[in-house]
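# Topology and contacts: notes
So the chains spell out like this:
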Amino acid sequence: MPKAYEAGKVEQKWYKFWLDKGYFTPKIDPKKKPFVIIMPPPNVTGELHIGHALTATLEDIMIRWHRMRGEPTLWLPGVDHAGIATQVVVEQMLAKEGVDRHKLGREKTQARIKQWAESRRQKIARQHQRLGASCDWGRERYTLDEGPSRAVRTAFVRLYEKGLIYRGERIINWCPRCATALSDLETDHKDIQGNLYYVRYPLEGGKEFITVATTRPETILGDTAVAVNPRDKRYKAMVGKKAILPAVRRTVPIIADEAVDPEFGTGAVKITPAHDPVDFEMAQRNDLPLVNILNPDVTMNENAGPYKGMDRFECRQAILDDLKKEGLLVKVEPYGHSVGHCMRCQTVIEPIASQQWFINTKPLAEPAIKAVTNGRISIIPERFNKVYLNWMENIRDWCISRQLWWGHRIPVWYCRDCGEVTVSVDEPKTCSKCGSSNIEQDPDVLDTWFSSALWTHSTLGWPDDTEDLGYFYPTTVMETGYDILFFWVARMIMMGLEDTGDIPFSTVYLHGLLRDEKGEKMSKVRGNVVDPLDTIAEYGTDALRFALTSDISPGNDIKLTPSRLEAGRNFANKLWNATRFVVRSFEQDPDIEFKQDRLTLEDRWILSRLSGTIANVARLMANFQFGEAQRQLHDFLWGEFCDWYIEFVKIRLNSGEGPSPLPVLVHTLETSLRLLHPFMPFVTEELWQNLKQRLPDGWAETESIMVADYPEADKKAIDPQAERVMEAVIEIVHAVRNARAEHKVESGRWVEAQVCAGGLTPAIAAYSPAIETLARARPVSFLESRGEAPDENVLALVLKSSEVIIPMESMVDLKAERKRLGQEIAQTGAEVARLETRLKDKAFLTKAPPAVVAKERDKLAEKKDRLERLKQSLDRLG
Ligand SMILES: [Zn+2]
Ligand SMILES: [Zn+2]
C-alpha cells in the first residue's frame, strides 16, 4: 500500500468499476419492498453547486445504506428544463451575439436552447458521478423527454376535463423584464420605503371632492370606481355620485363595499381592478369594468391618454407634476410597504389582469392535507407539518401559463373559424367541433413546476401502467431543501394523489441551507460560493461529503467550513494508516481465524464497542440523524480503534506474548469500513479491496464493499466488564498525559503513578505495561486504599473509576517549580489588580460599550480562578 491516500487516484477508478458492474441498477423482486428516491432534478441551466452536492450526498448515504441491507434500491436521476431560467440565459447569450429572439423566431430560438441544454445535461451527469452518486443512469429522465412530456399533457387534459383547469382573466404577477406571468411563489416580497399620495377627485356637478390615498398614482388612469365602507358616516351622502378622474377626466362611480377599511388613508379608496388583486375581487362583486393601462413592457398604453408611451415610473412622476399644478395633490406621506419583485431578476412585479391558465387547487389540496394529517406521509423535521398545512389550507389557484418559448407547450388549440377550444394529449389536425383545420395552438408554455409536480410518477412511466410504476411507486423518501416545500413537495403530493390515487412518497426529508463559516448564505453576489469540483480536487470527494454531513440534522442550516473539510481529509488519512498497519500485520501471522476463547480484554472491549456503535448507527440512520451517525462512527474509528486499540495491540506485539491480534483487527476494520461506506464510499472501497486481496477465499464474498452486507449488531459481543476496565485504563493514561502537559514535563522524563481503583485493581493492574508505555509512567503501582499514599507534595487526580496519585517530585524539580509558580502567581496577581482597578473606574464603566465591560469582567473572573489554582499548586509542593 502506498504511504499516503491519494483520493484523486482512486475515486474515478472505483466509480467506473461500480458502474460497469451494474450495481446502480436494482433488480425487481416482487417479494421484497423496494427503497426508492427520485432525485430532485437539477436545473439544466447551470453547473452543480454545493447545494446539489449536499442533496446528492444525503441521498447517496440513504441509497447505499438500503442497498447494502439487501433491499432493491432505486435512485432515479433526472434534469429539469427550467423554463424561465434557461430561456433567460440563452437570451443573454443571443444578445451578446447581437441576436434578438423575436427576430430569430420561436423555432430557431428553441433549437438553440435545446442544443445548449443538451450539452449542460451531460455535464451535470458527470459532476454527479464525481460526487459518488450511485444512481441508476439507465433510468435518467429529462423533463422534456417524450415520456414525461406526454405525462404533462395527459395530466393537463385530465384536470381540464374534470373542470380543475380553467382559462380566465385574473390578476397575475407580471415581470416586465422576463415578459411572463409568474406564480405567487415566484415573487419575493420586499419592504420598501415609498410614499402615500393623497389625491383629490372632484365630484361631478359640484365643488365637492373625495380624497383617496395611493402608493402608485399612475394607476389613477385605470380606476373604475372609488369605494367607501357602507357604515362610514363621512361618505354616506356621496355614495351613488360620480367622481372625475384627474388627468384623464373619466367619471367613475362612488360605491359602498364592506371590504373597505375606514381606518386606511382617508377611508375612501380608488379601485383599479386591472392592476390590483383586491380591487379585482371588488370589481367582480360590484360588476365594475377592467381598464388595463399597461403594455407588456410596462409602458403606458392608449388607455393612459396623454401619458401613452411613457414608462410606468416616468408616468408616475408626470402625473404627480400635473396633480400638483391642478392643486389636486393634498399631501405626501412617507410610507413603508411591501412590493413584489421577480424572484429571478428582481424587477418590480406589476400586478396585471390577464388571460391565463389556472389550476383550481382547493379540490387537490384536500387529499394532500389528509395524507399528512393521517400520517401516511411524514415530514421530517416535524415542525414543517404546520408550515405545510398552513399553506395547503390557504392555497390559492395556481397560474400555470407562462409567456415563454422554452418548456411544455400548453396542449390547447383554438379554432379560428368557430372559436372552439380543443384540449388534447395528441396534436389534433382539425377542430373538434367544426372540423376546420384552421386551428392554432396556445402560444404559452406551462410553469416548469407543473412538470416537476408529476416527477415521482412521470419518471416511472405514468400514464402507462409500466412495471417500474407498479413496483417502485409510491416512492420512499423525497429528500430536498426546505426552501422548495411549497414550490415542489406540496405540489407533488397534490398531483401524485390526483394522477395515481396514491401518495408519491411516504417520507419527506427536508435539509437546511448551506452557509459559510460566518453563517452567511452562500451566493454569487457575496462571493462566498464553494465549487464542489474545486473542493473535490483539493480534499477528495469523501472529505467533501464528510464536511457536508458533519453535524447535519433535518431542517437545520449547515455550515461548510475549511476546518470540516480538513477533518474529513484527515479522517480518510487516519483510516489509511490504520489499514496499512493491519495489512502489515498479515506478514507476521496471516491466520485470521477468530477464536472466541483466545480474546484478550482489549479485544473484547473493541468488539463490544464495535457492536454498540453498529446498534447506534442503525438507530440514528433510521431516524434520519445522519450527522450524529457519522460522528459516532468517526469517534469510534478514530478515538477508540486507531488511537487506543491499535496502540494496545502494538504493545502486545512488541511483548511477543498473548494471542495474535490479527483476527480482531481485521474483523473490526472490515466491519467498520462497511459501516462507514455510505458516508465515504471511495476510501472505504479502496481500503476494503486492499484488505480483501489478503484475506483467504470465502472471507469476503462480494466483489465490492458497496454490495456487501451492512453490519448488524452482535448483542453477544456486548461486554460491560471489558468496557469498564478499558475505559478506566484509558482514563488513567489520559489523566497522566494531561498532568504531564499541564506541568510541562519533558517528553523523555518518566513520572511515577500510584493507582487506587478498588475492585477494578486486578484487571487494571494487568495493563500496567500498557499504562507505562502510553503514559510514560514508571513505576506504576497499585494501592489497596487511598490512605496508603501521602497527601503532601503529590498531585491527586480523581477520576471516574479510580484515583491516580503522582508525586510532584517525579514530575518536576520542586525548587524550580516553586520558583516558576511563584513568578506566575505574582504576574497573575498583578493582572487581577489591574483589572479590578479598571472595573472600579467610573469613567470606563460609563463610556465603554457594555460588551467590552462584560468581557473585562469575564477576564477578571478567569484570572482570579487561575490565581487560586496556582496557589493550590504551590501549596501542594509544600
Ligand atoms: Zn423577471
Ligand atoms: Zn371550429
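Details of the structure are given in the entry above.
Described in the following lines is the structure provided in the data block. Note that the coordinates shown come from a computational prediction; the quantities given were computed from them, not determined experimentally.

The rules we used
Residues numbered from 1 in each chain as written. Chains lettered and ligands numbered in written order. Predicted model: local features only at pLDDT ≥ 70, side-chain atom pairs only at ≥ 80, totals over all residues. Heavy atoms only, no water. Helix = DSSP H or I, 4+ residues; strand = E, 2+ residues; numbered from the N terminus. Rg over C-alpha atoms; globule rule 2.2 N^0.38 Å. Buried < 20%, exposed > 50% of the residue type's maximum accessible area, 1.4 Å probe, protein only. Contact = heavy atoms within 4.5 Å. Areas by Shrake-Rupley, 256 points an atom, 1.4 Å probe, with all protein chains shown as cover. Lys, Arg positive; Asp, Glu negative; His and termini not counted. Charge placed at Lys NZ, Arg CZ, Asp CG, Glu CD. Donors = N, O, S within 2.8 Å, 3.2 Å for Na, K, Ca; no water. Pairing = 2+ DSSP bridges. Axes fitted to C-alpha atoms, helices over the stretch in contact; angles between N-to-C directions. Salt bridge = Lys/Arg side-chain N within 4 Å of Asp/Glu carboxyl O. Polar contact = N/O pair within 3.5 Å; in protein donor to acceptor, adjacent residues only side chain to side chain. Tetrahedral: all angles 85-135°; square planar, octahedral: opposite > 155°, others 65-115°. Parallel < 35°, antiparallel > 145°, perpendicular 65-115°, else oblique. Nonpolar A, V, L, I, M, F, W, Y, C, P; charged D, E, K, R; others polar. Phe/Tyr/Trp six-rings, centres within 6.5 Å; stacked < 30°, edge-to-face > 60°. Right-handed = clockwise from strand over helix to strand, strands pointing away. 1 Å grid on protein atoms, 1.4 Å probe; cavity = no way out; pocket = protein on both sides within 12 Å on 5 of 7 lines; lining within 4 Å. Points joined across faces, edges and corners; volume = space filled by probe spheres on them.

### Notes on the overall build of the protein chain
Counting its regular elements, the protein chain contains 28 helices and 29 strands. Its C-alpha atoms give the protein chain a radius of gyration of 37 Å, more than 25% over the compact-globule value 29 Å for 878 residues. Considering only C-alpha atoms, the protein chain reaches an extent of 115 × 80 × 55 Å along its principal axes. Counting the 878 residues in the protein chain, one finds 55% classified as buried. A separation of at least 24 residues holds for 77% of the contacts in the protein chain among residues at least 6 apart in sequence. Per element, the accessible surface of the protein chain, about 39,600 Å² overall, is 49% carbon and sulfur. Once the 118 positive and 125 negative side-chain charges of the protein chain are each reduced to a mean point, those two points are 3 Å apart.

### Observations regarding the coordination of the zinc ion (ligand 2)
Within the protein, C415 (SG), C418 (SG), C431 (SG) and C434 (SG) serve as the donor atoms for the zinc ion (ligand 2), at 2.3 Å. Every donor residue of the zinc ion (ligand 2) comes from the same chain, spaced as C-x2-C-x12-C-x2-C. Separated by 16 residues along the polypeptide, C415 in strand β18 (residues 412–415) and C431 in the loop between β19 (421–423) and β20 (439–441) bring together distant segments of the chain. As far as the burial class goes, C415 and C431 line up, both buried.

### Here's the deal with the sheet that holds strand β11 (residues 251–256)
If you walk across this open sheet you meet the 4 strands as β10-β11-β9-β12, and the pairing is mixed. The open sheet has two edge strands with one neighbour each: β10 (242–244) and β12 (268–271). Adjacent strand axes in the sheet meet at a mean angle of 30° when their direction is disregarded. Here 3 bridges tie strand β9 (residues 225–228) to β11, and the two strands are oriented parallel to one another.

### Focus on the side chain of R491
Here R491 shows up in helix α14 (residues 485–500). One buried charged residue, R491, remains without a salt bridge, the closest side chain of opposite sign being D447 at 4.2 Å. Side-chain polar atoms of R491 contact the backbone oxygen of F487, separated by 3.2 Å. Other than its neighbours up to four places away in sequence, R491 contacts S183, L185, W391, W398, D447, W449, A453 and F486.

### Some details on the coordination of the zinc ion (ligand 1)
Bound to the zinc ion (ligand 1) are the protein donor atoms C175 (SG), C178 (SG), C342 (SG) and C345 (SG), situated 2.2 to 2.4 Å from the metal. Note that the zinc ion (ligand 1) binds 4 donor atoms; their angles at the metal cover 104 to 114°, and the shape is tetrahedral. Site description for the zinc ion (ligand 1): donor spacing in sequence, C-x2-C-x163-C-x2-C. One end of the pair, C175, is in strand β5 (residues 165–175); the other, C345, is in the loop between β13 (329–342) and β14 (350–359), and 170 residues separate them in sequence. With relative accessibility at 0%, the residue C175 sits in the buried group.

### Observations regarding the packing of helix α6 (residues 146–161) against α14
At a closest axis distance of 11 Å, the pairing of α6 and α14 adopts a crossing angle of 80°. With respect to α14, the element α6 is oriented roughly perpendicular. Contacts between α6 and α14 pair A155, R158 and L159 from the former with M495, E498 and D499 from the latter. Class assignment for the residues of the contact of α6 with α14 results in 3 nonpolar, no polar and 3 charged.

### Concerning the environment of W449
Of note, W449 is situated in helix α11 (residues 448–453). When the C-alpha positions of W449 and G309 are compared, they lie 35 Å apart, and in sequence the two are 140 residues distant. Non-local contacts of W449, meaning those with residues more than four positions away in its chain, are made with W398, I484, F487, W488 and R491.

### Details of the packing of helix α9 (residues 362–373) against α14
The geometry of α9 relative to α14 is characterised by a closest axis approach of 8 Å and an angle of 105° between their N-to-C directions. With respect to their mutual orientation, α9 and α14 come out roughly perpendicular. Of the residues in α14, those touching α9 at L364, A365, P367, A368 and A371 are I493, M494, M495, L497 and E498. For the contact of α9 with α14, the class distribution of residues is 9 nonpolar, no polar and 1 charged.

### With respect to the packing of aromatic side chains
Under the definition given, this model contains 23 aromatic pairs. On the basis of an interplanar angle of 65° and a centroid distance of 6.2 Å, the ring pair of Y15 and W18 is categorised as edge-to-face. Separated by 3 residues within a single helix, Y15 and W18 lie in helix α1 (residues 7–21), roughly one turn from each other. Seen from their ring centres, F546 and F571 are 5.6 Å apart, and the 50° between their planes marks the pair as tilted. Of the two residues, F546 sits in helix α16 (residues 541–549) while F571 sits in helix α17 (residues 562–588), which places them 25 residues apart along the sequence.

### Some thoughts on the pairing of strand β2 (residues 73–76)
Side chains T73 and W75 of β2 all project onto a buried face; the interleaved residues L74 and L76 project onto the opposite face, where all are buried too. Where strand β1 (residues 35–38) and β2 come together, 4 bridges link them in parallel fashion. The partner of V36 across the bridge, within β2, is L74. Viewed along the sheet, the connection from β1 through helix α2 (residues 50–68) into β2 turns out right-handed.

### Quick notes on the pattern of salt bridges
A full pass over the atoms with the stated rule returns 55 salt bridges. Two residues, E6 and K9, come together in a salt bridge whose shortest N-O distance is 3.5 Å. On the basis of relative accessible area, E6 is assigned to the partly exposed category, the value being 43%. Residue R139 is joined to D136 by a salt bridge in which the shortest nitrogen-to-oxygen separation is 2.6 Å. D136 carries the same exposure label as R139, and that label is buried.

### A word on the sheet that holds β19
Spatially, 3 strands are ordered β19-β18-β20 in an open sheet, and the strand pairing comes out antiparallel. Two strands in the sheet have a free side with no partner beyond their single neighbour: β19 and β20. On average, each strand axis in the sheet is inclined to that of its neighbour by 25°, with strand direction left out of account. Pairing of β18 with β20, which is carried by 3 bridges, proceeds in the antiparallel orientation. Considered in β20, the bridge of W413 is made with Q441.

### Let's talk about empty space enclosed by the protein
Enumeration according to the criterion identifies 2 cavities of 30 Å³ or more in this entry. Considered as a void within the structure, the largest cavity measures approximately 40 Å³ in volume. Lining the largest cavity, in full, are G83, I84, E186, R402, L404, V445, L446, D447 and T448. For the lining of the largest cavity, the secondary structure elements donating two or more residues are α3 (83–96) and β21 (445–446). Of the residues contributing to the lining of the largest cavity, the split by class is 4 nonpolar, 2 polar and 3 charged. As a volume, the second largest cavity reaches approximately 30 Å³. Lining the second largest cavity are E218, T219, H275, I293, L294, R312 and E350. Taken together, the residues that form the lining of the second largest cavity break down as 2 nonpolar, 2 polar and 3 charged.

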